[in-house]
Amino acid sequence: MTSILDIILLVSIPVHVLVMLYLQFNHIPTRLRPTWLQLALLGSLLGVAVLYLPEAMVLPVPLTRQFLSVLALALALVFYGQYMLRDALNRSVGLWLPIGLIWPVALLAAGLTSSEIRVGQADWLLTVFSGAYLPGLITLVGLGVVTALLLVLSFYGFYAAALPEIANRALFWVLDTAMIAIGVLLSVSGTNMFHGIGAILVLAALIGAAYAHLAHGIVDIRSGMRGAARTALLIALTTAVIFGALQIADRLPVTEVGYPLALLLVAVLGGTAYVVLRQLVGLIVRRWFLQRPSPTRAARQYSQQVSKVVELSELVRVAAETLNQVMGVRRSGMILVNDTSIDSQRVEVVVMRETGSAGDVKGYLHRTGPVYDWLAVKKLPLRQFDMVYGPPFRELNADERKFFQSLQMSAYAPIIMEDALVGILMCGPKRSDASFTTADLELLATMADQTGVALRNSRAMADLRHLNATMKALNEELEEANQQYEKLDSVKTDFITIASHELRTPLAQIRGYTDILDALNEQGMLDQDQIGSMVSNLRKATERTEELLSAMLDMSQLDVNAMDLRFAQAAPESVVRMAIEPLTEHIKQRKLTVSARGLRSMPPIHCDMQRLVQAFRNIISNAIKFTPDGGRIDITASAQPGENGAGDHVLISISDTGVGIDKENLELIFEKFYRAYDPSLHSTGAYKFMGAGPGLGLTIARGVIEGHGGKVWAESSGHNMETGPGSTFYVLLPVNPPEDARRVAIEDTSHRNPLPASRSVG
Ligand code: ADP
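For the structure given in this document, a descriptive report is provided here. (Residues numbered from 1 in each chain as written. Predicted model: local features only at pLDDT ≥ 70, side-chain atom pairs only at ≥ 80, totals over all residues. Heavy atoms only, no water.)

Topic: the overall build of the chain
Line of reasoning, step 1. Of the regular secondary structure elements, the chain holds 22 helices and 15 strands.
Line of reasoning, step 2. For 762 residues, the compact-globule formula gives about 27 Å, and the C-alpha radius of gyration of the chain, at 53 Å, lies well above that figure.
Line of reasoning, step 3. The dimensions of the chain, computed from C-alpha atoms along their principal axes, are 170 × 85 × 50 Å.
Line of reasoning, step 4. Looking at the 762 residues of the chain, the share that counts as buried comes to 44%.
Line of reasoning, step 5. Carbon together with sulfur atoms contributes 60% to the accessible area of the chain, which is approximately 40000 Å² in total.
Line of reasoning, step 6. Charged side chains in the chain number 65 positive and 70 negative. The centres of these two groups are separated by 9 Å. (Helix = DSSP H or I, 4+ residues; strand = E, 2+ residues; numbered from the N terminus. Rg over C-alpha atoms; globule rule 2.2 N^0.38 Å. Buried < 20%, exposed > 50% of the residue type's maximum accessible area, 1.4 Å probe, protein only. Areas by Shrake-Rupley, 256 points an atom, 1.4 Å probe, with all protein chains shown as cover. Lys, Arg positive; Asp, Glu negative; His and termini not counted. Charge placed at Lys NZ, Arg CZ, Asp CG, Glu CD.)

Let's talk about the nonpolar core
Line of reasoning, step 1. Among the nonpolar cores identified, the biggest contains 55 residues, and Tyr80 and Trp173 are the most heavily contacted of them.
Line of reasoning, step 2. Broken down by element, the residue count for this core peaks at 13 residues, all from helix H3 (residues 65-88).
Line of reasoning, step 3. Those residues in contact with Trp173 that sit more than four places away from it in its chain are Tyr80, Tyr83, Met84, Asp87, Ala88, Ser154, Ala209 and Ala212. (Core = buried A, V, L, I, M, F, W, Y, C linked by side-chain atoms within 4.5 Å. Contact = heavy atoms within 4.5 Å.)

Thoughts on the packing of helix H6 (residues 134-160) against helix H7 (residues 164-187)
Line of reasoning, step 1. Running from N to C, H6 and H7 cross one another at 170°; their axes reach a closest spacing of 7 Å. Relative to H7, the element H6 lies roughly antiparallel. Residues Leu140, Leu143, Thr147, Leu150, Leu151, Ser154, Phe155, Gly157 and Phe158 of H6 form the contact with H7, whose participating residues are Ala167, Ala170, Leu171, Trp173, Val174, Thr177, Ala178, Ala181, Val184 and Leu185.
Line of reasoning, step 2. Considered class by class, the residues forming the contact of H6 with H7 number 15 nonpolar, 4 polar and no charged. (Axes fitted to C-alpha atoms, helices over the stretch in contact; angles between N-to-C directions. Parallel < 35°, antiparallel > 145°, perpendicular 65-115°, else oblique. Nonpolar A, V, L, I, M, F, W, Y, C, P; charged D, E, K, R; others polar.)

Quick look at the pairing of strand S13 (residues 711-716)
Line of reasoning, step 1. Burial analysis of S13 places 5 of its 6 residues in the buried class, the great majority of the element.
Line of reasoning, step 2. Where S13 and strand S14 (residues 727-734) come together, 6 bridges link them in antiparallel fashion. By the bridge assignment for S14, Lys711 is matched with Leu732. (Pairing = 2+ DSSP bridges.)

What about the pattern of salt bridges?
Line of reasoning, step 1. As enumerated under the stated definition, the model contains 19 salt bridges in all.
Line of reasoning, step 2. Among the ionic pairs, Glu573 bridges to Arg600, the shortest N-O distance being 3.5 Å. Residue Glu573 is found in helix H19 (residues 572-580), and its partner Arg600 is found in the loop between strand S9 (593-597) and strand S10 (605-607); the two are separated by 27 residues along the sequence.
Line of reasoning, step 3. Since its relative accessible area comes to 72%, Arg600 is described here as exposed.
Line of reasoning, step 4. Where salt bridges share partners, they join Glu314, Arg317 and Glu321 into one cluster. (Salt bridge = Lys/Arg side-chain N within 4 Å of Asp/Glu carboxyl O.)

Quick look at helix H11 (residues 295-307)
Line of reasoning, step 1. Compared with the 18 Å implied by 1.5 Å per residue over 13 residues, the 18 Å span of H11 between its first and last C-alpha is a close match.
Line of reasoning, step 2. Of the positions making up H11, those classed as buried are Ala298, Ala299, Tyr302 and Val306. End-on view of H11: buried residues confined to an arc of 95°, all on one side of the axis. Exposed residues pointing more than 90 degrees away from the buried face of H11 are listed as Thr296, Arg297 and Arg300. (Expected span 1.5 Å × (residues − 1). Arc of directions from axis to C-beta.)

Digging into the side chain of Asn168
Line of reasoning, step 1. Along the chain, Asn168 falls in helix H7.
Line of reasoning, step 2. Asn168 gets classed as buried once you look at its relative accessible area, which sits at 3%.
Line of reasoning, step 3. Leave out the neighbours within four places in its chain, and Asn168 touches Ile218, Val219, Asp220, Ile221, Arg222 and Ser435.

Here's the deal with the packing of aromatic side chains
Line of reasoning, step 1. Taken as a whole and assessed by the stated rule, the structure comprises 12 aromatic pairs.
Line of reasoning, step 2. Arranged with centres 5.6 Å apart and planes meeting at 75°, the rings of Phe172 and Trp173 form a pair that is edge-to-face.
Line of reasoning, step 3. On the basis of relative accessible area, Phe172 is assigned to the buried category, the value being 12%.
Line of reasoning, step 4. Under the relative-accessibility criterion, Trp173 is labelled buried at 0%.
Line of reasoning, step 5. Through a chain of ring-to-ring contacts, the aromatic side chains of Tyr80, Tyr83, Phe172, Trp173 and Tyr211 assemble into a single cluster.
Line of reasoning, step 6. Above the ring of Phe670, the side-chain terminus of Arg702 is found at 4.0 Å from the ring centroid. (Phe/Tyr/Trp six-rings, centres within 6.5 Å; stacked < 30°, edge-to-face > 60°. Lys NZ or Arg CZ within 6 Å of the ring centre and 35° of its normal.)

Some details on the packing of H3 against helix H4 (residues 96-113)
Two measures define how a pair of helices packs: the angle their axes make with one another and the distance between the axes.
Line of reasoning, step 1. Running from N to C, H3 and H4 point in directions that differ by 175°, and their axes come no closer than 9 Å. It follows from the interaxial angle that H3 and H4 lie roughly antiparallel. Residues Phe67, Val70, Leu71, Ala74, Leu75, Leu77, Val78, Phe79, Gly81, Gln82 and Leu85 of H3 touch H4, and the partners they reach there are Trp96, Leu97, Gly100, Leu101, Trp103, Pro104, Leu107, Leu108 and Gly111.
Line of reasoning, step 2. The class makeup of the residues in the contact of H3 with H4 is 16 nonpolar, 4 polar and no charged.

Here we look at a negative patch on the surface
Line of reasoning, step 1. Where like charges cluster on the molecular surface, the negative patch consists of Glu476, Glu477, Glu479, Glu480 and Glu486.
Line of reasoning, step 2. Here Glu480 shows up in helix H16 (residues 438-502).
Line of reasoning, step 3. The exposure class assigned to Glu480 is exposed, which follows from its relative accessible area of 56%. (Patch = residues over 30% accessible without salt bridge, like charges linked within 9 Å, V, L, I, M, F, W, Y side chains within 5 Å.)

Looking at a nonpolar patch on the surface
Line of reasoning, step 1. On the surface, Leu95, Ile99, Ile102, Leu137, Val141, Val145 and Leu149 cluster together into a nonpolar patch covering about 600 Å² of accessible area.
Line of reasoning, step 2. Only H4 and H6 provide two or more residues apiece to the nonpolar patch.
Line of reasoning, step 3. The greatest single-element share of the nonpolar patch, amounting to 4 residues, is contributed by H6.

What to know about the sheet that holds S13
Line of reasoning, step 1. The strand order S9-S11-S12-S14-S13 describes an open sheet built from 5 strands, whose pairing is mixed. Only two strands of the sheet have a single neighbouring strand rather than two, namely S9 and S13. Adjacent strand axes in the sheet meet at a mean angle of 15° when their direction is disregarded.
Line of reasoning, step 2. Where strand S11 (residues 632-640) lies against strand S12 (residues 649-656), 8 bridges are found, and the strand directions are antiparallel. Residue pairing in the sheet places Ile635 in a bridge with Ile654 of S12.

Here we look at the environment of Pro572
Line of reasoning, step 1. By the element assignment, Pro572 lies in helix H19.
Line of reasoning, step 2. Beyond its immediate stretch of four places on either side in the chain, Pro572 contacts Leu599, Met602, Pro603, Pro604, Ile605, Val650 and Ile652.

Remarks on unusual backbone geometry
Line of reasoning, step 1. For Asn90, which is not a glycine, the phi torsion comes out positive at approximately 60°.
Line of reasoning, step 2. By the element assignment, Asn90 lies in the loop between H3 and H4.
Line of reasoning, step 3. The exposure class assigned to Asn90 is partly exposed, which follows from its relative accessible area of 35%.
Line of reasoning, step 4. Positive phi outside glycine occurs at Gln408, with the angle close to 55°.
Line of reasoning, step 5. Judged by its relative accessible area of 52%, Gln408 is exposed.

Some words on the side chain of Asp386
Line of reasoning, step 1. Along the polypeptide, Asp386 turns up in helix H14 (residues 384-389).
Line of reasoning, step 2. Classification of Asp386 as buried rests on a relative accessible area of 13%.
Line of reasoning, step 3. Of note is the side chain of Asp386, whose polar atom sits 2.9 Å from the side chain of Arg383.
Line of reasoning, step 4. Those residues in contact with Asp386 that lie beyond four places of it in its chain are His216 and Phe393. (Polar contact = N/O pair within 3.5 Å; in protein donor to acceptor, adjacent residues only side chain to side chain.)

In structure tokens, the structure reads:
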């Protein structure tokens, strides 16, 4: 006779086949291959099918149909484990199969060696422990061990999962494993009724596994359980209220008049109590089970916070803080996409720290990769879980996968600006450990859109600031150019002033002598002596003019920073000697004594010899000019060790017994065109006592010496024409000039601090 149970079992056979075939031929791309699952289905199918082998078929002793069914189910459980562990632990567990297979193999061996196998027959379970009954013991112990191992391992997957969605999947496997294990236990129990239920449970668990295989996102089990708990709580409440009301109604004394009224009263009281209690429960449930703020409120709060800031760093911080709060997540952040379009293959992504600065974490998104496609082309939010399990992301490049894994985030939403991906807003796992629902992702996407607007503002602000800075820089350049122009202009004016003033004297002389020459010539009164003296005077005037012009030229070069120095080794002694040489005639005429000390022992210095000779000549010729006839000029040199890490120096002093310089003029004499004495005092002879000069000699000397990285200064106790207190000029020169001493510019010396007069002179 065929019972309903038999019908169900027989129907389950084609269902097995259909599921196996579906797994084989479906078009949904899946992460794992379904082979082990199909083998488990085959085991389960055989577990049912062998029971229906025709009676006529005789099995070799001692095998029975029931024993073969148990064996097939044992294999089904082991194969199921092989598939499940790979998914739940997210890595292959190579050891499982050899360990798991010990059970069916041992079972088969025990069966074949026993005289009689009772396993799978009615009441075999009760007799397992009576006497040494190996196949029975192996069946039970094996089932226990295999089930325990699978449960522990899948539970470990749940425990170790980094993301709630992955934990949810692992939890699903824990439940599914429990179901298939119970199914197998019932199936092998030997009781017809239990066997039917067990077989259905096994099939259901395997269909569940097939569902998990095909769908990477599994129904949220924890929120499902919470929902069930909530419903159970409400049912219990409603039942309690109704039961209470019925109890009261039952106790009411039945009187004809008041009874319906009393019932109504009880109903009203019950109803009122129910409404109040229901609301209370609702409040508690929302508090404990939902914990989610309203999305509109969250979006508004986020938008309010984010729109307040314009600085990028501030934006990142505020966005992260607000997201943490409104989404109830443990962490959040932002990635900026650096699409330089130079790289046609990929875009750079930079993780912004919560402090707003760009972090060290950088990565790349391939333009052809699934993540870029999802975020930038489809413009959809994405869960980390989908990236790990989702079929579209199977081809994800290993570096990108690692990059996103390292962020420890749960969900990402693209920040789009002008149709281009400019950033990614991201959230970590929720504090409640709940999964990210579609509604959560939509909320995150909305916030990412708002971030796009804020980002645009912050970029606009940055652009404005950049523009401002550029304008300021331009202004400064303009100002500098202006100053340079003014300087050039004043050089020109100075040049004209000095030219008109200083050149007038020698030119007038030239003019005068030529006029005289002309007149004498006309009168035929020119004799050889006159010609000789006049030509000599004319030469002097011309030389003077040349000197002046060349000084003015040097000056203008210094003024516009155009004097080039050509450095070479030279002995200080040669420099001073060459400076004095052309002056010896005048020194003789003026009966001056010149002495030099210590110059020979000086080390050679790096200098532009020609320029340095010019500088010394200017100083020494001043000493000649401002010292009365018969006076003395002493030149001394000493080596100065470098101080504060500076290299060695040579100090040369030039002292005279001349008219001296007033203390307040000691610095002023280095100024352009400065002459300490009334120009009317100037004699026209260039080297005569108190001879005229344009006031450029010391300025040029200082320019040249400073160009060598050196210093020049004057010391004197004061000016006195009668007593002749004398002056000393010091020149300090580095043996090796600093790197930047190539070009020379005259500084505005009006605020220069004069060097201390007490400076030691060796
Ligand atoms: P100048 O062409 O007039 O010589 P300088 O720049 O060489 O111009 O000197 C500037 C002024 O400094 C001189 O006019 C003079 O008043 C003063 N001066 C320079 N050297 C001496 C010195 N050795 N003794 C006194 N006064 C000096």
